[in-house]
Amino acid sequence: MFAGRGVRVFGLAAALVMLPAAGGAARMVESAAPAVPAPQAAPAAAAAEVKIDNFSFSPATLTVAPGTTVTWTNRDDIPHTVVNTDDPRAFKSKVLDTDEKFSYTFTKAGTFAYFCSVHPKMTGTVVVTAGGK
């Protein structure tokens, strides 16, 4: 009765397939539908930290990839700032009291020197390279 008619699939999760059997009769067989790949989550944004303590930035030089957000945290007992030396400035924090943070996302490659405007001898550098590290 169904001989020569090919396979028919019904439904999404499972399919009932008509297969010809010996002697011309058809039989019903359940078949799984093709798997649908699960959506993939976007990669997490990169992050890096610089600690401000004892009148210094640690690490003094940080190498990251473009798209990395760097967060400076003041762990010192006195206020500090994070100010880029470029003109015009790429970033400049407010005065950070103890445990306050400042973040900046580096979107392009380059070398970004910075200092504390309250204590100009405190300096640091963020190097942004295509490969990071």
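Moving on, we get to the pattern of salt bridges. Oppositely charged side chains can pair when the atoms bearing their charge come close. This structure, assessed with the given rule, holds 2 salt bridges. Taking the shortest distance from any N to any O, the salt bridge between D99 and R75 comes out at 2.8 Å. Of this pair, D99 sits in the loop between β7 (83-84) and β8 (101-106) while R75 sits in the loop between β6 (68-74) and β7, and the two are 24 residues apart along the sequence. Since its relative accessible area comes to 42%, R75 is described here as partly exposed.

Below, the discussion takes up the packing of aromatic side chains. To describe a pair of aromatic rings, you give the distance between the ring centres and the angle between the ring planes. Enumeration according to the criterion identifies 11 aromatic pairs in this entry. Ring centres of F91 and Y104 lie 4.9 Å apart, and the angle between their planes is 40 degrees; this geometry places the pair in the tilted category. Of the two residues, F91 sits in the loop between β7 and β8 while Y104 sits in strand β8, which places them 13 residues apart along the sequence. For F91, a relative accessible area of 4% gives the class buried. Put simply, the rings of F57, W72, F91, F102, Y104, F106, F112 and Y114 touch in pairs and so form one group of aromatic residues.

Another aspect to go through is the confidence of the model for the protein. Averaged over the protein, the pLDDT score is 81; the fraction of residues at 70 or greater is 65%. Counted against residues more than four places away or in other chains, residues 9-18, with its pLDDT under 50, gives 30 contacts.

Within the secondary structure, T71 sits in strand β6. Sequence-distant contacts of T71, that is, excluding residues within four places in its chain, are made with A48, E49, V50, K101, F102 and S103.

Along the chain, F55 falls in the loop between β3 (47-53) and β4 (56-58). Through-space distance from the C-alpha of F55 to that of C116 is 9.1 Å; in sequence the pair is 61 residues apart.

Adjacent strands of a sheet form backbone hydrogen bonds with each other and so pair up, either parallel or antiparallel. Strand order in this open sheet of 4 strands is β5-β10-β9-β7, and the pairing throughout is mixed. Both edges of this open sheet fall to β5 (61-64) and β7, since each of them pairs with a single strand only. Two elements, β5 and strand β10 (residues 123-128), share 4 bridges in a ladder whose sense is parallel. Looking at β10, one finds that T61 is bridged to T125.

Membership of the largest hydrophobic core comes to 19 residues, with the highest contact counts inside it found for F57, V70, W72, V82, F91, F106 and Y114. Among the elements of the structure, β3, β5, β6, β8, β9 (110-115) and β10 are those that each provide at least two residues to this core. Among the elements that make up this core, the one with the highest residue count is β3 (3 residues). V70 has contacts with A48, V50, L62, V64, F102, S103, Y104 and F106, leaving out every residue within four places of it along the chain.

The rules we used
- Residues numbered from 1 in each chain as written.
- Predicted model: local features only at pLDDT ≥ 70, side-chain atom pairs only at ≥ 80, totals over all residues.
- Heavy atoms only, no water.
- Salt bridge = Lys/Arg side-chain N within 4 Å of Asp/Glu carboxyl O.
- Helix = DSSP H or I, 4+ residues; strand = E, 2+ residues; numbered from the N terminus.
- Buried < 20%, exposed > 50% of the residue type's maximum accessible area, 1.4 Å probe, protein only.
- Phe/Tyr/Trp six-rings, centres within 6.5 Å; stacked < 30°, edge-to-face > 60°.
- pLDDT = per-residue confidence, 0-100.
- Contact = heavy atoms within 4.5 Å.
- Pairing = 2+ DSSP bridges.
- Core = buried A, V, L, I, M, F, W, Y, C linked by side-chain atoms within 4.5 Å.

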